[in-house]
Every structure is written in structure tokens, then in C-alpha cells.
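Descriptive analysis of the structure
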Amino acid sequence: MSEALITALLVGAIAASVPLMLAGLGELISERAGVLNVGLEGMMLMGAYGGFVVALATGSTWMGFVGGAVAGGLVSLVMVVLCVRWGLDQIVVGIGILLGAEGLTSLLHAAQFANTYPRLGKAAAPSIPWFSDIPVVGRVVFGEPYMVYVTLIAVFVAGWVLRKTPWGLAIRATGESPEAVDAAGVNVVLVRSLATLSAGVLAGLGGAYLSLVSSGNFIPLMTGGRGFMALVLAMLARGRPIWLALGALLFGFATALTTALQIFGIDIRPEIVNSLPFVVVLVVLTLFGRDDYLPSSLALPYVRGER
Amino acid sequence: MDAEAIRSERDSGTPLIELIGITKRCPGVLANDDITLTVERGEVHCLLGENGAGKSTLISILSGMTVPDAGMIRIGGTETSMDSPRHALDLGIGTVYQHATLVPTLTVLENLILGNTTGVRLNEAEGLRRLDELASILGADVDPNAVAGNLALDEQQVIEIIKALWKGKAALILDEPTSMLTPAGVGELANMLQRLKGTGLGIVFITHMLHEAIEMGDRVTVLRQGRVVGTIAPAELRSTDPERLRERIVEIMFGEEANELSDVAELHVEASGSTSPDEPDSGGSSDGQGQPAGEPILKLERVSLEPSQSSHGLHEVDLTIAEGEILGVAGVGGNGQKELAEVLAGQRPIDSGSISLRHNGAFIQIGRLGVHSRHEMGLRYLSDDRRGEAVVGTMSVAINLVLKRIGKPPFWKRQIIQHAEVWQHAEAVIKEFDIRTPGPDTNIGKLSGGNIQKAILARETASDPRIVVYNKPTHGLDIRTSLAVRERIRQMAADGVSAVVISNHLEELLDLCGRIAVVSKGRIVGIVENGPNAERRIGDLMVGAFAL
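What counts, and where the lines are drawn
- Residues numbered from 1 in each chain as written.
- Chains lettered and ligands numbered in written order.
- Predicted model: local features only at pLDDT ≥ 70, side-chain atom pairs only at ≥ 80, totals over all residues.
- Helix = DSSP H or I, 4+ residues; strand = E, 2+ residues; numbered from the N terminus.
- Buried ≥ 20, exposed ≤ 12 C-beta atoms within 10 Å, placed from the backbone.
- Contact = placed C-beta atoms within 7 Å.
- Axes fitted to C-alpha atoms, helices over the stretch in contact; angles between N-to-C directions.
- Parallel < 35°, antiparallel > 145°, perpendicular 65-115°, else oblique.
- Left-handed = near helix turned anticlockwise from the far one by under 90°.
- Nonpolar A, V, L, I, M, F, W, Y, C, P; charged D, E, K, R; others polar.
- Pairing = 2+ DSSP bridges.
- Core = buried A, V, L, I, M, F, W, Y, C linked by C-beta atoms within 7 Å.
- pLDDT = per-residue confidence, 0-100.
- Domains from an automatic or database assignment.

1. Digging into the overall build of chain B
When helices and strands are tallied, chain B shows 21 helices and 22 strands. Per-residue burial over chain B gives 47% buried out of 548 residues. Taking as baseline every contact in chain B between residues at least 6 positions apart, the subset at least 24 positions apart corresponds to 70%.

Have a look at this one:
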């Protein structure tokens, strides 16, 4: 295998996995708090659009990410109010958010950029003397867009927060038995609201990565099911961010493999090649889905004193 | 005023907690009606009352879960609103709820430090220190790293108490803490309460058991239909003998109905503990043989279930139950009782062995039959998980009563539901079993546990039962409902319907059963013929099994 192929594969794997890692991390946090966020895809899409618009206006990728995070967070507020505060059905509201976000972003995009199709510049990546010149590693490890490093740090920080801090403990307990958390004097609504909000922010960042880094422009429905993929990965990770990151990398690798296979002209029908990542997820699901563990109170609204 | 200050003001003369004129209206009922009571420091205040008397509502008001519609709460002499559990905890009132509030997937220590959200990192060292301190006050041995869900119920209860004491520096409220405990566990709890009283803590203790109230309480308040109907002050409680006290409490609890109730033997058995019940006539004389007297109806031979993480499984269980026999199953909770019940009911497939039921004169292997076929053949099961598994809480009482006969006439004709028939059936059953419900169309989940149990009892014993498996049939029920359930079991046995009664209350088994099988770690370690020494022998088997 040539050096170029290996580099392309690894770079592609990382690039494809980052949006899944970000969104999946958000989903994982909200699931541990007992909120099933079916609207993740919608939050990603809003993040992709918000990030694109802000980056275009300011000319800054970082501002674009801020815009994506804000957009995703705003959408998750709908979830906070309807599901966490008022106790409505999380799945119904989630689907509503997804459909609403799809419609809204497509409409806004058509109204604003119907004939112009603007593009963003390439996202910046570090260039470290000597290190960046190492073959393969130089590009794969030291030459990624900055957001890749931020994402990896976020994975470890989230793992630490969940395991070692009072808020992490409260989040873990809330997903299992909100009554116990309430009785212990912790505000269940607050814990779930913050967890849902962080899911929105992280999904927004993941979406923004797609438009700012991966493609450099916004295309309607560009998330293409990644939100749902992230949701599945979060469930398979059994609440452990590190497993989520590994799952996202596996999916990313399968995606990169399809691209590589196409580029290097291997003679398999593209339909089959394109379905590879999804087949991988299906196989992983059947292999490991049996012993996945979900919080006991997932998707159940909590209203004090109700039986 | 902070919790320490509230507690330390012992000599000021103001009571620890004062409830004045507390009224709470719940849909359709006045749950608390002008309740006034005080809790003093260093005193155990017992609350007694039937199911639905308003005890639980009063507890949720004291713990901040419910805000009363009217009335005043004073803590240490200061009026307070108590509008959240957090507020109650900050005032130093800790509560042990009736339902388990430990998070099963977290460790003991994590459960205990859950409420503490100050600081960036979890303060485990501080938590361990406080745990040691409280465990030594209670005289308990606690492993901080054990996962809560893996602990036995007795151990979980100790953790619940430690958790309540964590912030509850002034008062401890216990809502039916003994209902899931073994007799040894109850004794231990009594010792712990004695020690806690000594530290100046005020304790509110709710129970269904009169003898517990008499033994552990310094002051007794009786609730009935949301009102305080009587109080027994410490002086009287200390000076009167237990027999007399019990009569007095029963009188307060049931008013003019007390006479008919006080004739019933169980009340005395519960209080004295050692009274031997009458020798049952079906028991036979072959003491120690463990053979049933009548014609066998159900046989279990070498029935086994593989053990798993959460269960001991079953190990080569042999049992024969005779027609009209009431067989008891005793043992420390979680030693295979639930597995045995579910294996009998057909909810769990067995891994080896055979179960056979006499049907139309011949024994039929039913080991592979499902719940429905077994139900049809007259084998019925009353689950201990009433709300979860036995009823559909969001459906009406009427529908729940025919839940196991879906599609069958007269309630369904040509697959179409006959609402009139279902309704009439429900009305008749509600009357016969005295189910307290606003109507047949009320969602069954809104009823109290006792009334749900009556409905399940009605459903499972309808249309030709031949053998009924009861898992904790009177758990959490008040005295009157418990008696009604037991009476029903006894009556049916007289008509030839066999029963398997699984219970945590030895007293109940001694009252009902001819033979009592003792289970431990998924095995039957002995079958005891009911008689003068039965209680001690069962106790030995349970404890002996402990040491294995």
C-alpha cells in the first residue's frame, strides 16, 4: 500500500469521525441524564447552517464554530422547555425538531444563497517544524485542523467530568433514578436541562465541522443521517466517552475506505461501496448491541410526586 | 437557622418539628385534614394508620416533596415553607422513603455523596470520613465501594438510613422501613434508632405493625381518613402493658369496628411474636417428613434454573403440593422466592427438571407451557410487583379485571369487546372484594396498593382456580386488608384450592400454612410441619443457611 493511500485513509477516517464524536458525545451526556435526543440530526443541521453563515460573515472559522454551537444550543432549548420542563414525549419532540430543522435550514439556504453558492476557505491546521515533515504521522497526527484536537480533548474532559465531578455523578444518577436525585436535594430539571443543552451545543459543533471543515460550504440536508449514526454510537458506548470515540473512528475508517476504494478505482459497484459504513455499523450492532446498557429512566419524563 | 443549631437547641423548650393545621387535598380525596402534631428531640414518634389514612402524604410534606394547601410548619420554632426536598435537607430533615431511593448502578459512596454539588471534584475523602462516623453511630459495617444494586435489602436499608442522616442532622423520617426487612433486620433497626435517639435526633417512624410501634415508639399518633384520631403520650406508652396498649390502638384505629377485629388471632400473634398458632388440621402427624396430606395436585421434580449475576437461580427443587393445601415458602428475601414463583407461573422457562400438574385426573407436564395455558388449567399467580407486572396502571379497573381473559366470552364476543359485560363484572367484583375506587373506569394505577391487590386477587381467583401462587400477598397492606386476603386464601383452601404462599412475614406463614418450605440460595433447605416449634426451626434453617 502506498504512503499516499495510507495517509488518505487515516486523514479521511479522522475527518469523518469528528462530527460523529462531537454529536455522539452530546447524545451520550444527555442520555446519561435520561434524555433521549432524537432531534440530534436536526441540531447538527442547524449547527452546520449557523456555523456556515457566521463564518461567511466574519471570515473566521473559530467564529463559525461559535455560531454553530449557539445554533445547536438554541434548538436544544426547545427540547429543554418541552421535554424537561413540561414532560412531553421526548421522541415526538425530537422528531419534530429534526423535521423543523431540515425545513428551516433548506428554506433559509434557498432564500439567501440560491444563486451564489459561496464557499469558505480551507480550515487552518498547525504546521510544526520538523514534526509535520514526518511521513504519514506528520500529516495524520500533527497536521489536523485545530477542531480535531479540541474534539479529542472534549472526549477526555467529558469522561473525567462524568466520573469525577459532582455534576457528572448527578448526571449519571439522574438517568437511572431521578426520584433518588430529587430526594437527595439535587434539581433534576436543572441537571437534565444542562445535559440537553450540552447535547445541542456539541451537536451544533459537529454540524459546523461538516460545513466549515469537511466541505467548506452548506448543502441542504448535508448531515445525511450522521445524527442518527451518532445516536446509535452513543447507545453502544454504554455511557463511556472513550468507547464512543473508538466507535466513531471505526465508522470514520469505513467511510474513508469507501472513498479510497473509489479513488483508486477498484471495480466494485459504488452503491455497494457507499453502503460499507452502514454495514459496519449494522455488524457492530448485532455483535455488541445485545449487551448494550441504557439508563433505566431514559426517555421518561420526571414529574415530582407522580406515580 | 442551620441544622446543627436546630438540633442543639435542646433545652429551649421549643419542639423540633411542629405541624399545625396541615391540610392537603388530592384529586377526589382530602388526604390530610387539619393535622397537628409535634416531633420532639430524642424521641421516636410513631405514625399508625390504614392504607390511605394520609401517612404517606404527611411524609411527603415533611420531606418537601409536597406542599400543603393550608397549615403551618415550624422547625425549631421558626415558620418555614419547605417547598423542595433540598429545603427540607437544608433544615436537617432526612427521609428514608418507602420506595428504594438508591441508584442501583452507583456505588454506596457515590449514592451518599450524590447531593453534594459544591466543588469541582467529588470529595471522596470527606465522604468516607462522614460514612465512618455515621456507620459507627449506627453500629453498622459498610463497604463504600459495593455497588448498591448488589446489596441485600437489609444492607440497602442501612445505606438508605445513612443517606438520610447525611444531611438529616436534626430529624429522621422513616416511611415503613421494616416492610422489606428480615426479623433480624428489624431488631437491628430498633437498636439503631435507640442509638440515634441518644444523639438528640427526632425520629418519625411509620409502620403497619402494632408491635413495632409499641416496642420502638415513645409517642404514637394514629391517623384515620386524613385526620389525627388519637395520640398516646410517652408517659402512657411507658406505663401501660403491651396487651392493653394494643387494644387501645386498635380501638383508635378502627373505632366501632374494633370489636370484630380484635377477635382475630393475628393481631395478637404479631404483637407477642411467640404465640403458637393452632395446629392446622391438614398438617398431619408425620412431623419432619414434609409430605402433604391430601391427593397431590402439583409436583416439582429436580427443577433447576442456572444462577446469574442477580440471582441464585434454583437448584434441584423438589416440592409436592396437595389439593386444598396451603404451602408456605419462607426465607431471606432474594434467595430464589421470585424465581420459584415465576417458574410456577410459567413466566420463566426452567433449565432442567419437571413440573407436572394434575389435570382431569392425570398428571400433565406443564414445564414447557406458557402463562396462558397454565392459567387456563387453573394455575394462577399473584405477583409481588403489583404496579409493574400485575396490572396496566393506565387502564381502567374494569379492563384490568378481565386482562387475563382477553378474547373470551362473555367479555368478548366474536372478538368484539362487550363493554356492558365488562362493566357489570367490574361492579360486582368491586362490591364483593370491597375495592375502594371512584368507579370501574378509574385507572387502576391511581388506586392504593391494597386496593390494587384486592383487584388482582379477584382476577386471579376467578373462574375455576385450582392452585394459586401468592408472592408476598399482604406486603405493604394494612391490617384489615391483610386479614381479608388471608381469609380469602383460607376459604379457597377449604374449597379445595391449593395455595403456595411466599412471604417475608413468618408470622403470616405460621398463621396460614400447614407446611412451610425454607429456601436459601435457590435451594429448599427444609420443609417444616407447622406446630409448636415451627417458628424456631424455620428460623434455624434460615440462619443456618446464612452460615453456609
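2. Considerations on the packing of helix H10 (residues 226-236) of chain A against helix H11 (residues 241-263) of chain A
All names here are of chain A. Remark: H10 packs on H11, axes separated minimally by 9 Å, with the N-to-C direction vectors making an angle of 135°. As far as their axial angle goes, H11 and H10 are oblique. H10 and H11 meet at a crossing whose hand is right-handed. Mapping the contact onto sequence places Met229, Leu233, Ala234 and Leu236 in H10 and Leu244, Gly247, Ala248 and Phe251 in H11. For the contact of H10 with H11, the class distribution of residues is seven nonpolar, one polar and no charged.

3. So, the sheet that holds strand S3 (residues 44-48) of chain B
Across a sheet, paired strands are connected by hydrogen bonds in the backbone, their directions being either parallel or antiparallel. All names here are of chain B. Read from one edge to the other, the open sheet built from six strands follows the order S6-S7-S8-S3-S9-S10, with strand pairing classed as mixed. Edge positions in the sheet fall to strand S6 (93-96) and strand S10 (227-232), since each has one partner strand and no second. With strand direction ignored, the average angle separating the axes of adjacent strands in the sheet is 20°. Pairing of strand S7 (residues 171-175) with strand S8 (residues 202-206) involves five bridges; the strand directions are parallel. Across the sheet, residue Leu172 finds its bridge partner in S8, namely Ile203. Here helix H6 (residues 153-167) sits on the sheet in contact with S6 and S7, set at roughly 165° to S6. Here helix H7 (residues 183-198) sits on the sheet and contacts S3, S7 and S8; the angle it forms with S8, its principal contact strand, is near 150°.

4. Side note on the environment of Met46(A)
Residue and element names in this part refer to chain A. Looking at where Met46 falls in the secondary structure, it is placed in helix H2 (residues 40-58). We classify Met46 as buried; it has 32 C-beta atoms within 10 Å. Each C-alpha atom of the pair Met46 and Ser30 lies 18 Å from the other, and the pair is 16 residues apart in sequence. Among residues more than four places away in sequence, those in contact with Met46 are Ala71, Gly72, Val75, Ala101, Thr105, Gly204 and Gly207.

5. Remarks on the interface of chain A and chain B
Taken together, the 21 residues of chain A in the interface contact 25 residues of chain B. Of all the elements in the fold, those that place two or more residues in the side of chain A that touches chain B are helix H7 (166-176) and helix H8 (178-183) of chain A. Among the residues forming the side of chain A that touches chain B, the class breakdown is ten nonpolar, four polar and seven charged.

6. A look at the nonpolar core
By size, the foremost hydrophobic cluster in this structure holds 157 residues, and its most contacted members are Leu233(A) and Ile162(B). Here this core gets 14 residues from one element, more than from any other, and that element is helix H9 (residues 188-214) of chain A.

7. Thoughts on helix H2 (residues 55-62) of chain B
Residue and element names in this part refer to chain B. Across the eight residues of H2, eight count as buried, placing the element largely inside the fold. All of the buried residues in H2 are Lys55, Ser56, Thr57, Leu58, Ile59, Ser60, Ile61 and Leu62. Of the residues trailing H2, Gly64 is marked for its positive phi of about 85°.

8. A short note on the confidence of the model for chain B
Residue and element names in this part refer to chain B. On average, residues of chain B carry a pLDDT of 82, and 88% of them reach 70 or more. Averaged pLDDT values for the elements of chain B fall to 40 in helix H12 (residues 265-272) and rise to 94 in strand S20 (residues 498-502). Confidence drops under pLDDT 50 across residues 262-290; counting only partners more than four residues distant or on other chains, this segment forms 48 contacts. As a predicted assembly, this complex carries a pTM of 0.73 together with an ipTM value of 0.83.

9. Notes on the environment of Arg227(B)
All names here are of chain B. Structurally, Arg227 can be placed in strand S10. For the pair Arg227 and Lys55, spaced 172 residues apart in the sequence, the C-alpha separation amounts to 9.7 Å. Leaving out residues up to four positions away in the same chain, Arg227 has contacts with Asp33, Asp34 and Ile35.

10. As for the domain arrangement of chain B
Domain annotation for chain B reports domain 1 (3-263), domain 2 (280-378 + 464-548) and domain 3 (385-463). Using C-alpha coordinates to define each centre, domain 1 of chain B is positioned 35 Å away from domain 3 of chain B.

11. Things to note about the sheet that holds strand S4 (residues 70-75) of chain B
Residues and elements named next belong to chain B. Strand order in this open sheet of four strands is S2-S1-S4-S5, and the pairing throughout is antiparallel. Edge positions in the sheet fall to strand S2 (29-39) and strand S5 (78-80), since each has one partner strand and no second. Averaged over neighbouring strand pairs, the angle between their axes works out to 30° when direction is ignored. Sheet analysis places strand S1 (residues 17-26) next to S4, joined by five bridges and oriented antiparallel. Within S4, the residue paired with Ile20 across the bridge is Met72.

12. Description of the pairing of strand S9 (residues 219-224) of chain B
Residues and elements named next belong to chain B. Burial analysis of S9 places five of its six residues in the buried class, which makes it a mostly covered element. Where S3 and S9 come together, four bridges link them in parallel fashion. Bridge pairing links Leu48 to Val222 in S9. Bridging between S9 and S10 involves five bridges; their strand directions are antiparallel. Across the sheet, Arg224 pairs through a bridge with Arg227, a residue of S10. Between the antiparallel neighbours S9 and S10 lie two residues, among them Gln225 with a positive phi of about 45°.

13. A look at the environment of Leu48(B)
Residues and elements named next belong to chain B. Topologically, Leu48 is positioned in strand S3. Residue Leu48 is classed as buried on the basis of its 30 C-beta neighbours within 10 Å. Each C-alpha atom of the pair Leu48 and Met253 lies 8.0 Å from the other, and the pair is 205 residues apart in sequence. Those residues within four positions of Leu48 in sequence are excluded, and the remaining contacts are Ala213, Val220, Val222, Ile249 and Met253.

14. With respect to unusual backbone geometry
Residues and elements named next belong to chain B. Cis geometry is adopted by the peptide bond preceding Pro410, which originates at Pro409 and carries an omega value of 5°. Residue position: Pro410 is located in the loop between helix H16 (397-401) and strand S17 (412-413). Here the phi dihedral of Gln415 falls at roughly 65°; this positive angle occurs in a residue that is not glycine. Structurally, Gln415 is set in the loop between S17 and strand S18 (416-417).

15. Digging into the pairing of strand S21 (residues 515-520) of chain B
Regular strands have side chains that alternate between both faces of the sheet. All names here are of chain B. Burial analysis of S21 places six of its six residues in the buried class, which makes it a mostly covered element. Residues Arg515, Ala517 and Val519 point to one face of S21 and Ile516, Val518 and Ser520 to the other, with burial holding for every one of them. By the bridge criterion, four bridges tie strand S13 (residues 326-330) to S21 in an arrangement that is parallel. Bridging across to S21, Ala330 finds its partner in Val518. Direction of pairing for S21 relative to strand S22 (residues 523-529): antiparallel, over a ladder of six bridges. Within S22, the position partnered with Val519 by the bridge is Ile524. Between S21 and S22, which pair antiparallel and follow one another directly, the connecting turn spans two residues, one of which, Lys521, has a positive phi of 45°.

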